[in-house]
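# Report on the structure
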Amino acid sequence: MILEAGQGPIDGTHYVRATPESVGWGRLPCRSTTPALTIDSGDTVTFDTVSHEGILEDQGRDPAAFFGGYGIAATDVLTDARLLAKSPPPRDPDADGPHVITAPVHIRGAEPGDLLKVDVLSLHLRADYGVISSRHGRGALPDQFARTGPEFTFCEVEREGGRDVGVIRYGEGRAVRFPLRPFMGIMGVATDTDHPQHTVPPGRHGGNLDIKELATGSTLYLPVQTEGAGFYTGDPHYAQGNGEVALTALEAPLRGTFRLSLLKGHKARAASETLQYPFGETDRHWIPVGLHEDLNEAMRAAVRAAVRFLTDRFGMDSVAAYAYLSAAADFEISQVVDEVQGVHCLIRKADFPG
């Protein structure tokens, strides 16, 4: 089963396909990047996204051949992935990141100081297989795994008990099965820079956050950096464990639909002072985020962001907020592999009066 461009559910008012002309590879949009389209605040946009796994140089830049090695027919490899792999090299593998990123969407009236509210409305699988990789001497245990060369673990998707599960086969006829929870590893706004930035490290612009809580039904708030905001997405995942220790999650293509809304005015600017970095929300949790090259500092940044949120939102004094976080909140490692490490905090909404 594959979900080709233009086929199946397209849930948004606007639709952006993944073509060599409408995606970037290895670099994030900046203030001068040409947008894919211009929309009004509150509009919904559907993006087809392509995984980088299967099209990279160390995989032969031929996804039909790469996945054919795992028994996948060429007709079950997405056409847009094959076309992108055959396009003139748009990235420098020694200098750029691996991720395929959608061209940005310009939101009329967006300006620095606003917040962009990104509601994740739906995420549809585009294939029934994916890859988990450990390579380039990265990951949590680079000296033990893939220190000198690439290593790829193929993963099938099956339907079991009314839900999608990932299947990793090992040994003699054995397999481990785990539930899928698709999300976009990269969601962000254009950086206020002259040149596109590397896709790997996340930052105030969002980008490669790799927070698995940002699945269907979640919301991400991003401080707008440039006129028009320039929202983009990429790095689609079918599942990820906190930490993403091997280097990648289960990487595979998704079709995602988002509602993009601007928060403006005095309240929005006050909120942007509170939410100085990307901030997530689900029906159960508020999710402050901490980012830093050092994991200990990322943890401290997440605690500071959580304290700031509680003091500004609920009028708690900082001592009470700090104590509450220690007793009741969960701080989780988003990822340890993206140069800039990530920690996110889960604050239960049920603990606070309406």
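Structure report, in brief. All of these numbers come straight from a predicted model, not from anything done at the bench.

Here the idea is simple: oppositely charged side chains can pair when their charged atoms come close. Counted according to the given criterion, the structure contains 21 salt bridges. Linking Lys264 and Glu111 is a salt bridge whose minimum nitrogen-to-oxygen distance equals 3.5 Å. Placement of the pair is Lys264 in the loop between β17 (254-263) and α3 (265-274) and Glu111 in the loop between β6 (105-107) and β7 (115-125), with a sequence separation of 153 residues. Using a relative accessible area of 36% as the deciding quantity, one classes Glu111 as partly exposed.

This part is about the sheet that holds strand β21 (residues 341-348). The strands making up a sheet are joined through hydrogen bonds of the backbone, oriented either antiparallel or parallel. Across the sheet, which stays open at both edges, the 9 strands sit in the order β1-β4-β17-β7-β14-β18-β19-β21-β20 with mixed pairing between neighbours. Only two strands of the sheet have a single partner each, and these edge strands are β1 (14-16) and β20 (330-335). Neighbour to neighbour, the strand axes of the sheet diverge by 25° on average, direction disregarded. Each of β18 (279-281), β19 (285-292), β20 and β21 touches helix α4 (residues 295-314); the most contacted strand, β19, lies at about 140° to it. In the packing of helix α5 (residues 318-328) onto the sheet, contacts are made with β20 and β21, and the angle to β21 comes to roughly 95°.

This part is about unusual backbone geometry. Although it is not a glycine, Arg61 adopts a positive phi angle of roughly 50°. For Arg61, the position within the fold is in the loop between β4 (43-48) and α1 (63-68). What makes Arg61 buried here is its relative accessible area of 15%. Residues other than glycine seldom take positive phi values, yet Glu339 does so here, at roughly 70°. Within the fold, Glu339 resides in the loop between β20 and β21. With relative accessibility at 44%, the residue Glu339 sits in the partly exposed group.

This paragraph deals with the packing of α4 against α5. Following both chains from N to C, one finds α4 and α5 inclined at 125°, their axes separated by 9 Å at the closest point. Relative to α5, the element α4 lies oblique. In the packing of α4 onto α5, the handedness of the crossing is right-handed. Where α4 approaches α5, its residues Val303, Ala306, Val307, Leu310 and Thr311 are matched on the opposing element by Ser318, Ala321, Tyr322, Tyr324 and Leu325. By residue class, the composition of the contact of α4 with α5 is 8 nonpolar, 2 polar and no charged.

Tracing the sequence through the fold places Pro20 in the loop between β1 and β2 (23-25). Overall, the relative accessible area of 31% leaves Pro20 in the partly exposed class. Through-space distance from the C-alpha of Pro20 to that of Pro90 is 8.8 Å; in sequence the pair is 70 residues apart. Ignoring anything within four residues of it in the chain, the contact list for Pro20 reads Leu83, Leu84 and Ser87.

A few words on the side chain of Gln240. Tracing the sequence through the fold places Gln240 in the loop between β15 (229-239) and β16 (250-251). At a separation of 3.0 Å, a polar atom in the side chain of Gln240 contacts the main-chain carbonyl oxygen of Asp210. Here the side chain of Gln240 touches Ser334 through a polar contact of 3.2 Å, landing on its backbone oxygen. Sequence-distant contacts of Gln240, that is, excluding residues within four places in its chain, are made with Phe183, Asp210, Lys212, Ala249 and Ser334.

Our next topic: the packing of aromatic side chains. Enumeration according to the criterion identifies 17 aromatic pairs in this entry. A ring pair is formed by Phe66 and Phe152, whose centres lie 5.5 Å apart and whose planes are at 90°; its orientation type is edge-to-face. Here Phe66 is found in helix α1, whereas its partner Phe152 is found in strand β9 (residues 151-160), with 86 residues between them in sequence. In this structure, Phe66 and Phe152 share a single accessibility class: buried. Chaining the aromatic ring pairs together yields one cluster made of Tyr221, Phe279, Trp286, Phe309, Phe314, Tyr324 and Phe352.

What follows deals with the pairing of β9. With 6 bridges connecting them, strand β8 (residues 129-134) and β9 associate as antiparallel partners. Bridge pairing in β9 links Gly130 to Cys155. When β9 meets strand β10 (residues 163-170), the two strands line up antiparallel, connected through 5 bridges. Note on β10: the bridge partner recorded for Glu158 is Val165. Between β9 and β10, which pair antiparallel one after the other, the connecting turn spans 2 residues, and Gly161 there sits at a positive phi close to 60°.

What follows covers the nonpolar core. Counting residues in hydrophobic clusters, the biggest one holds 61 residues, and the most contacted among them are Leu116, Phe231 and Leu260. Looking at this core, the element that brings in the most residues is β7, giving 5 residues. For Leu260, the residues in contact, after removing those within four places along its chain, are Ile39, Asp40, Ser41, Gly42, Asp43, Val45, Val105, Ile107, Leu116, Lys117, Val118 and Phe231. Core analysis: the next-biggest nonpolar cluster, separate from the first, contains 18 residues, Ala306, Tyr324, Leu325 and Phe352 among them.

Reading guide: rules and limits
- Residues numbered from 1 in each chain as written.
- Predicted model: local features only at pLDDT ≥ 70, side-chain atom pairs only at ≥ 80, totals over all residues.
- Heavy atoms only, no water.
- Salt bridge = Lys/Arg side-chain N within 4 Å of Asp/Glu carboxyl O.
- Helix = DSSP H or I, 4+ residues; strand = E, 2+ residues; numbered from the N terminus.
- Buried < 20%, exposed > 50% of the residue type's maximum accessible area, 1.4 Å probe, protein only.
- Pairing = 2+ DSSP bridges.
- Axes fitted to C-alpha atoms, helices over the stretch in contact; angles between N-to-C directions.
- Contact = heavy atoms within 4.5 Å.
- Parallel < 35°, antiparallel > 145°, perpendicular 65-115°, else oblique.
- Left-handed = near helix turned anticlockwise from the far one by under 90°.
- Nonpolar A, V, L, I, M, F, W, Y, C, P; charged D, E, K, R; others polar.
- Polar contact = N/O pair within 3.5 Å; in protein donor to acceptor, adjacent residues only side chain to side chain.
- Phe/Tyr/Trp six-rings, centres within 6.5 Å; stacked < 30°, edge-to-face > 60°.
- Core = buried A, V, L, I, M, F, W, Y, C linked by side-chain atoms within 4.5 Å.

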